[in-house]
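# Observations on the model geometry
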Amino acid sequence: MAKPNTPQRVFDVVIAGGGYVGMSLSLALKTADREMSVAVIDPKPMSILDKDPRASAIAAAASRLLDQLGIWEGIYSSAQPVNEMIVTDSRLRDVVRPVFLTFDGEVTDGEPFAHMVPNGVMLPALYEKAAALGVDFIAPDSATTFKSSPDDVSITLSNGESVTAKLLVAADGVRSRLRDLAGIKTVHWDYGQSGIVTTVRHERPHGGRAEEHFLPAGPFAVLPLAGNRSSLVWTEKTLDAERLVRGDEFTFEIELERRFGHHLGKVELDGARHAYPLGLRLARDFVKHRFALVGDAAHGIHPIAGQGLNLGFKDIAALAEVLVEARRLGQDLGTLDVLERYEKWRRFDTFQMGVVTDVLNRLFSNDLSVVRAVRDFGLGLVDRMPSLKSRFISEAAGLAGPTPRLLLGEAI
Ligand SMILES: Cc1cc2nc3c(=O)[nH]c(=O)nc-3n(C[C@H](O)[C@H](O)[C@H](O)COP(=O)(O)OP(=O)(O)OC[C@H]3O[C@@H](n4cnc5c(N)ncnc54)[C@H](O)[C@@H]3O)c2cc1C
């Protein structure tokens, strides 16, 4: 309930969740249409915006989007181009790790298929630009509930006040409270795995090479960062991951070295260790009357292909395009007529990526000799098929299928 005598604030679009996806949506809308009133609600105080220890593989399409949103130039100096990727498949005790698959990838001349960007650089840049464009921040606060009527949606905040909008977009992450309140069901399972994330410093340069080592507990990814540093996404069974993250640094570094090897010289920790539980969660619907889901609120997937955030960027590029066009045609932004265009555009792609990451994770997170022989044969086959490899590069770059304009580097 709104507090009595408090004038209600009214917006065109309210976004619940000021993470990477919610903030990018606010920028996409305001960049295309300065007259649109957009508010972002988030419980995070500004002081922790740069504390995310992860780095993300930002696909070429996503860097084009960030460029259109006016923040790529600012974060580019912290970004590391990924020039090459190798895939190995071995047991931990194997002395040699044969390379089964290699990609060296530019999507256009001089444009690598991905860059590694520290998350702690991206979020402050998004907030700064959004503030400059006039996005309203309702923070630190959170959306606790909402009620849709034929003409608008009223959102209640944790401080008891409420705001009104034509459309509420839930960008509140994989455990989305608003998705549950909207009655949208999900398909969900846990992998019993966690992704250990940390940064390491090594003696020798990585040359922009990303490495995905398939080990029996799951993928061990070494992703190049600016300087002689790499970001690790190291999948283990959840109990083992917790033990490694909470245990002493010495034991951690020994386990790290067993997986990392010595090809980049001496390796040492250069950041805190964190473990993120991994699962698959796909929303059955993306929209309701005056309500839409974006980012992890719509789909949480395994980081095996580094595509979770990239899918979120695709969502917001598609939703912004649909909403801006609807407004230009004088349509009401929150109606199902408008929102279903977004859902049709995004649902299949998301479902497909969820299935692909799920199958890859199951196929590679085991030590069965027969499965290993079949998958290694498959990897070797793909490696000898340039047309298939270029299709994979195009997928990894986020440029396969019907692509929203912002991801092509065009204004809406
Ligand atoms: C180990 C790991 C590695 C990864 N690596 C990659 C990668 O390389 N490339 C890639 O593309 N993706 C990667 N991902 C996935 C990526 O991190 C996520 O897809 C991305 O963070 C999702 O962003 P989001 O904005 O949708 O959600 P979040 O980042 O979870 O943000 C949700 C926001 O909502 C706010 N919020 C929560 N509840 C409320 C509420 N009630 N009201 C208002 N606000 C609320 C939260 O404070 C938060 O700010 C990785 C994930 C993991 C776990």
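Presented here is an overview of the structure given in this document. (Residues numbered from 1 in each chain as written. Predicted model: local features only at pLDDT ≥ 70, side-chain atom pairs only at ≥ 80, totals over all residues. Heavy atoms only, no water.)

### Structural notes on the site of the ligand
Using the following cut-off: A single heavy atom is enough: if one lies within 4 Å of a molecule or strand, its residue is considered near that molecule or strand. Counted as a polar contact is a pair of N or O atoms within 3.5 Å, where, for protein atoms, one must be capable of donating a hydrogen and the other of accepting one, and residues adjacent in sequence contribute only when both atoms are in side chains. Areas reported as accessible are Shrake-Rupley estimates using a 1.4 Å probe. Residue values count occlusion only from the protein chains shown. Starting at the N terminus, helices and strands are each numbered in turn, a helix being any DSSP run of H or I of at least four residues and a strand any DSSP run of E of at least two. Ten residues, namely Ala, Val, Leu, Ile, Met, Phe, Trp, Tyr, Cys and Pro, are considered nonpolar, four, namely Asp, Glu, Lys and Arg, are considered charged, and the remaining ones, Gly among them, are considered polar.
In the vicinity of the ligand lie 28 residues, with D42, K44, A57, D296 and L309 positioned nearest. In the environment of the ligand, an oxygen atom lies 3.1 Å from a nitrogen or oxygen atom belonging to the backbone of V21. A distance of 3.1 Å is found between a nitrogen atom of the ligand and a backbone nitrogen or oxygen belonging to A143. Within the complex, 85% of the 1,000 Å² of free accessible area of the ligand lies under protein. Going through the elements one at a time, α1 (20-32), β3 (55-59) and α8 (308-328) are the ones with two or more residues in the shell around the ligand. With 3 residues, α8 is the largest single contributor of residues to the shell around the ligand. Of the residues in the shell around the ligand, the class split is 12 nonpolar, 11 polar and 5 charged.

### A closer look at the sheet that holds β3
The test is simple: By the convention used here, strands pair only if DSSP detects at least 2 bridges between them. To get an axis, fit a line to the C-alpha atoms, keeping to the stretch in contact for a helix; angles then go from 0 to 180 degrees between the N-to-C directions. Any two residues whose heavy atoms approach within 4.5 Å are treated as being in contact.
Taken together, the 3 strands give an open sheet; going across it, the order is β3-β9-β4, and neighbouring strands pair in antiparallel fashion. Among the strands making up the open sheet, the edge pair consists of β3 and β4 (80-82). Direction aside, neighbouring strands of the sheet carry axes that sit 30 degrees apart on average. Both β4 and strand β9 (residues 114-118) contribute to a ladder of 3 bridges, which runs antiparallel. Within β9, the position partnered with V82 by the bridge is A114. Relative to β3, helix α2 (residues 60-68) is tilted by about 90 degrees, and along the sheet it contacts β3 and β9.

### Section: unusual backbone geometry
The step from A139 to P140 runs through a cis peptide bond, and the omega angle for that step is -5 degrees. Mapped onto the elements of the fold, P140 is located in the loop between β10 (136-138) and β11 (143-148). One non-glycine residue, R290, lies in positive phi territory at about 65 degrees. With respect to the helices, strands and loops of the structure, R290 is situated in the loop between β20 (287-288) and β21 (291-293).

### Structural notes on the side chain of R273
What counts is decided by this rule: Working definition: with a 1.4 Å probe on protein chains only, accessible area under 20% of the residue-type maximum means buried, over 50% means exposed, and in between means partly exposed. In this tally, Lys and Arg are treated as positive and Asp and Glu as negative; His is ignored, and so are the chain termini. Any carboxyl oxygen of Asp or Glu that lies within 4 Å of a side-chain nitrogen of Lys or Arg is treated as forming a salt bridge with it.
Among the structural elements, R273 can be located in the loop between β18 (267-269) and β19 (274-283). Within the buried core, R273 has no salt-bridge partner, and the shortest N-O distance to an opposite charge, that of E249, equals 4.6 Å. Reaching out from R273, the side chain makes a polar contact with the backbone oxygen of L244 at a distance of 3.0 Å. Here the side chain of R273 touches G247 through a polar contact of 3.0 Å, landing on its backbone oxygen. When neighbours within four sequence positions are excluded, R273 is seen to be in contact with V197, T198, L244, V245, G247, D248, E249 and F252.

### Focus on the environment of I48
Within the fold, I48 resides in the loop between β2 (38-41) and β3. For I48 and V174, which are 126 residues apart along the polypeptide, the C-alpha to C-alpha distance reads 19 Å.

### With respect to a nonpolar patch on the surface
We count it as follows: Here, patches come from residues exposed beyond 30% relative accessible area and free of salt bridges, joined within 9 Å for like charges and within 5 Å for nonpolar side chains (Val, Leu, Ile, Met, Phe, Trp, Tyr).
Judged by side-chain polarity, F348, F351, V355, V359 and L363 come together as a nonpolar surface patch covering roughly 460 Å² of accessible area. You can see F351 is positioned in helix α9 (residues 336-364).

### Focus: the pairing of β3
Most of β3 sits inside the fold, with 4 of its 5 residues counted as buried. Examined bridge by bridge, β3 and β9 share 5 bridges and lie antiparallel to one another. Bridging from a neighbouring strand, I58 pairs with H115 of β9.

### Some remarks on the packing of α1 against helix α4 (residues 119-133)
As a reminder, the rule being used: For any pair of crossing helices, the crossing counts as left-handed if the nearer helix is rotated counterclockwise from the farther one by less than a right angle, and right-handed if it is rotated clockwise.
Close contact between α1 and α4 brings their axes to 9 Å; oriented N to C, the two are set at 35 degrees. Note that α1 runs across α4; the crossing there is left-handed. Touching Y20, M23, S24, S26, L27, K30 and T31 of α1 are N119, M122, L123, L126, Y127, K129, A130 and L133, all from α4. Broken down by class, the residue content of the contact of α1 with α4 amounts to 9 nonpolar, 4 polar and 2 charged.

### Things to note about the packing of aromatic side chains
Here is the rule we go by: Aromatic contacts are taken between Phe, Tyr and Trp rings whose centres are within 6.5 Å, Trp giving its six-membered ring; a plane angle under 30 degrees counts as stacked, one over 60 as edge-to-face, and the others as tilted. Put simply, a charge is over a ring when the Lys NZ or the Arg CZ is close to the ring centre, within 6 Å, and near the line of the ring normal, within 35 degrees.
What the rule picks out here adds up to 8 aromatic pairs. The interplanar angle of 20 degrees and the centroid separation of 3.9 Å between the aromatic rings of F214 and F364 together place this pair among those described as stacked. Here the residue F214 occupies a position in strand β15 (residues 209-215), and F364 occupies one in helix α9, the gap between them amounting to 150 residues. Centroid distance F286 to Y342: 6.3 Å. Interplanar angle 40 degrees. Geometry classified as tilted. Pair noted here: F286 is in the loop between β19 and β20 and Y342 is in helix α9, with a separation of 56 residues, a long-range link. Both residues of the pair, F286 and Y342, belong to the buried class. Aromatic ring contacts, followed pair by pair, group F220, W234 and F252 into a single cluster. R54 extends its terminal NZ or CZ atom over the ring of Y276, reaching a point 4.7 Å from the ring centre.

### Some remarks on the pattern of salt bridges
Scanning the entire structure with this criterion turns up 27 salt bridges. In this structure, E161 engages R9 in a salt bridge whose closest nitrogen and oxygen atoms are separated by 3.7 Å. Within this pair, whereas E161 is found in the loop between β12 (153-157) and β13 (162-170), its partner R9 is found in strand β1 (residues 9-16), the two being separated by 152 residues in sequence. For E161, a relative accessible area of 22% corresponds to the partly exposed category. With relative accessibility at 36%, the residue R9 sits in the partly exposed group. Each member of the salt-bridge network shares a partner with another, and the members are D89, R91, D367, R372 and R375.

### Regarding the environment of R372
Here R372 is to be found in helix α10 (residues 369-383). Exposure remark for R372: the relative accessible area of 8% places this residue in the buried category. A sequence separation of 41 residues divides R372 from Q331, and the C-alpha atoms of the two residues are 54 Å apart. Excluding residues within four positions of it along the chain, R372 makes contact with D89, S90, R91, P216, N366 and D367. Reaching out from R372, the side chain makes a polar contact with the side chain of D89 at a distance of 3.1 Å.

Coordinates in, geometry out; function isn't part of it.
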